[in-house]
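Overview (structure and organization)
Chain by chain, the residues:
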Amino acid sequence: MADPLSILLASLRDGYVQVSVFVAVTVLAFGLVQYRTDGALLRAIEDNERLQPLIGGLLGLTPGCGGAIVVMPLYVRGSVSFGTVVATLGATAGDSAFVILALAPEAALYAYAIALVASVATGYLVDTAGLGVTRVDAAVSRLSPGTTATDGGTVVNNRIGPNPTHDYPSGSPTHSHEAGPDRTSRILTPLSHAAHVAWWVAAVGGLVLGTIYLLRGGPEIALSVGVDFAGAFTVFGLTGGVLSLYLYAIGRHYVGEGEIARARDSFGSVYDTLTHAAMETSFVTVWVIVALAGYEYVVVLSGLDVAAVAATAGVLAPIGGVAVGLIPGCGPQILLASVYAEGALPFSALAANAIAQDGDALFPLLAIDPKAAVVATIYNALPALVVGVALFFLWEPVFGMPEFGFGVA
C-alpha cells in the first residue's frame, strides 16, 4: 500500500464495494417509501405531535442523511417542534454510518443506540422546558418571552408558525418539487443516462460481492483483475467508483438531481427515485474515497501512528469527537469513522461524535433558519460531551468493554 497509485485504486474500489453499495440500498429504500406513499410518511409525522421527537430520532438514525433532511423543512413549515429538530440532528447517523456498519457493525449498533436515547431525551427536554428559539431570543435580547420575529416566519413557543414566505425557492437545497436536469447536451445527456444505468449494474454486482466480503469477515482483497473473487471485487469496485465520480462531477447535471442533500416529499417515477439514490450515493462515494485515501496517504507519508496518538490523548479523544461532529457535513465524520475502523480511536470518541454530528441535514436548516441550526447544534454538543466523557471513564473500567478496536470486523 506504499505505492500512491495503489492507495488511490484500493480506496476507489473499497469505498464503492464496502460502503457505497450499501448506501445505495438504504437511500433507494427510503425513496421508494416516499414514492409509494406519496408523502404519507411526512403527514404521519405532522399528525403525531407527542411522538415527533421519537419519530425524528428514528428518522435521523437511518444511515445517511435522507431521513433527517426530510424533517428540517417540516420545522420551517411549523409542523414539528424544535425538540424534534434537536432529536433528529442528534440521532443523525449520517453517511459515516455506512463506514461503521460495514467495517465495525457491533460498534455501530452500540454507538447509534446510545445516540438515539441521548438525542430523543434531549429533544423531549427541550420541548418540555420550552427551550426553543424563542427562549434563546428572550435570554439574549432581553425581550419579553412572547412572539419574536425571525427570518421569514414567526416563532411561537418552540416552533415557527406556518408562513407562506417560508416556501422554498426553486433550486434551493430544500426545494421539494420534482427535480430535473439543469443542463442539456446532445452528447453528455445520453452519455450520463447510460452511465446512470451502468452505475446500477455495478451496484448490484458490488452489493453481492460486498455482502460476501462481510460474510467472510472482511479479509484483505488483492488489487487484481481476473475471474476469481478478488478480480471481480476489483473490477466492480473500480467501475462503480469511476462512474460515481463521473455522476457526481458531471452526470447529475444532465439526468437530474443537480443539487445534493435536497429534501424530496415524493418522486414522480421509479426512474426518478433511482436517479436520486444514485446521485446521493455518488456524493457519498466521493467523500468516502477522499477519507480512505487521505487517511492512508497521511499515515504513509508522515509515518504517524494514529492509534498511539489517540491512546495518549486520554479524555481529549471524546472531546475531539464532539469537535469534529460540530463541523457541518458528512466528510469529516466519514474520516473519523474510517480512523475508528482502523482501530485507532476509542469507542468513547465514536459515540460522542455520533451524538454531536448533524451530517448534511444541517445545511437545509442553515439556509432557511441559521439561528435554529446553531442553537440545535449547541444543544446536541452538550449531551455528546457528557456521554463521551462518561464512556471514557466507564466503558472499559466499569463495563469491561475494549476502548480500541471494539466491534471492528
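Residues numbered from 1 in each chain as written. Predicted model: local features only at pLDDT ≥ 70, side-chain atom pairs only at ≥ 80, totals over all residues. Heavy atoms only, no water.

1. Here we look at the overall build of the protein chain
- Assigned secondary structure in the protein chain consists of 17 helices and 3 strands.
- Relative to its 409 residues, the protein chain shows a buried fraction of 54%.
- For the protein chain, contacts bridging at least 24 residues in sequence account for 79% of all contacts bridging at least 6.
- Of the roughly 16,600 Å² of accessible surface on the protein chain, a fraction of 68% belongs to carbon and sulfur atoms. (Helix = DSSP H or I, 4+ residues; strand = E, 2+ residues; numbered from the N terminus. Buried < 20%, exposed > 50% of the residue type's maximum accessible area, 1.4 Å probe, protein only. Contact = heavy atoms within 4.5 Å. Areas by Shrake-Rupley, 256 points an atom, 1.4 Å probe, with all protein chains shown as cover.)

2. Some thoughts on the pattern of salt bridges
- Within the structure shown, the criterion is met by 2 salt bridges.
- As a salt-bridge pair, Asp-14 and Arg-13 come within 2.9 Å of each other at their nearest N and O atoms. Grouping residues by exposure puts Asp-14 and Arg-13 together as buried.
- The residue Asp-182 makes a salt bridge to Arg-183 at a minimum N-O spacing of 3.9 Å. (Salt bridge = Lys/Arg side-chain N within 4 Å of Asp/Glu carboxyl O.)

3. Some points on the packing of helix H1 (residues 4–37) against helix H9 (residues 188–215)
- It is at 8 Å that the axes of H1 and H9 come closest, and there the two elements cross at 115°. Both H1 and H9 take part in a crossing whose hand is left-handed. Contact residues: Tyr-16, Val-17, Gln-18, Val-21, Phe-22, Ala-24, Val-25 and Leu-28 in H1; Trp-199, Trp-200, Ala-202, Ala-203, Gly-206, Leu-207, Leu-209, Gly-210, Thr-211, Tyr-213 and Leu-214 in H9.
- A per-class count over the contact of H1 with H9 returns 15 nonpolar, 4 polar and no charged. (Axes fitted to C-alpha atoms, helices over the stretch in contact; angles between N-to-C directions. Left-handed = near helix turned anticlockwise from the far one by under 90°. Nonpolar A, V, L, I, M, F, W, Y, C, P; charged D, E, K, R; others polar.)

4. Overview of a nonpolar patch on the surface
- A cluster of nonpolar side chains, contributed by Phe-393, Leu-394, Val-398 and Phe-399, occupies part of the molecular surface with about 410 Å² of accessible area.
- On the secondary structure map, Leu-394 appears in helix H17 (residues 370–394).
- Judged by relative accessible area, Leu-394 falls into the partly exposed class, the value being 35%. (Patch = residues over 30% accessible without salt bridge, like charges linked within 9 Å, V, L, I, M, F, W, Y side chains within 5 Å.)

5. Focus on the nonpolar core
- If you look at the biggest cluster of nonpolar residues, it comprises 99 residues, and the most contacted ones within it are Phe-82, Trp-199, Tyr-340, Phe-347 and Leu-365.
- When residues no more than four places from it in sequence are discounted, the contact partners of Phe-347 are Ala-107, Tyr-110, Ala-111, Ile-114, Tyr-340, Leu-391, Trp-395, Glu-403 and Phe-406. (Core = buried A, V, L, I, M, F, W, Y, C linked by side-chain atoms within 4.5 Å.)

6. Points about the side chain of Thr-189
- Locating Thr-189 in the fold gives a position in helix H9.
- Excluding its chain neighbours within four sequence positions, the residues that come into contact with Thr-189 are Arg-183, Thr-184 and Tyr-254.

7. Describing the environment of Ser-224
- As for its position among the elements, Ser-224 is in the loop between H9 and helix H10 (229–255).
- Overall, the relative accessible area of 25% leaves Ser-224 in the partly exposed class.

8. Some details on the environment of Tyr-254
- Looking at where Tyr-254 falls in the secondary structure, it is placed in helix H10.
- C-alpha of Tyr-254 to C-alpha of Ser-185: the two residues are 69 residues apart in sequence and 7.6 Å apart in space.
- With sequence-adjacent residues up to four places away left out, Tyr-254 is seen in contact with Pro-181, Arg-183, Thr-184, Ser-185, Leu-188, Thr-189, Ser-192 and His-193.

9. Quick word on the packing of aromatic side chains
- All told, the structure shown has 14 aromatic pairs when counted by the stated rule.
- On the basis of an interplanar angle of 20° and a centroid distance of 4.2 Å, the ring pair of Phe-347 and Trp-395 is categorised as stacked. On the criterion of sequence distance, the pair formed by Phe-347 in helix H15 (residues 347–356) and Trp-395 in the segment after H17 is long-range, its members being 48 residues apart.
- Overall, the relative accessible area of 0% leaves Phe-347 in the buried class.
- Owing to a relative accessible area of 4%, Trp-395 belongs among the buried residues under this scheme.
- Grouping aromatic residues by their ring pairs yields a cluster made of Tyr-110, Phe-347, Trp-395, Phe-399 and Phe-406. (Phe/Tyr/Trp six-rings, centres within 6.5 Å; stacked < 30°, edge-to-face > 60°.)

Don't take any of this as a statement about function, it's just geometry.
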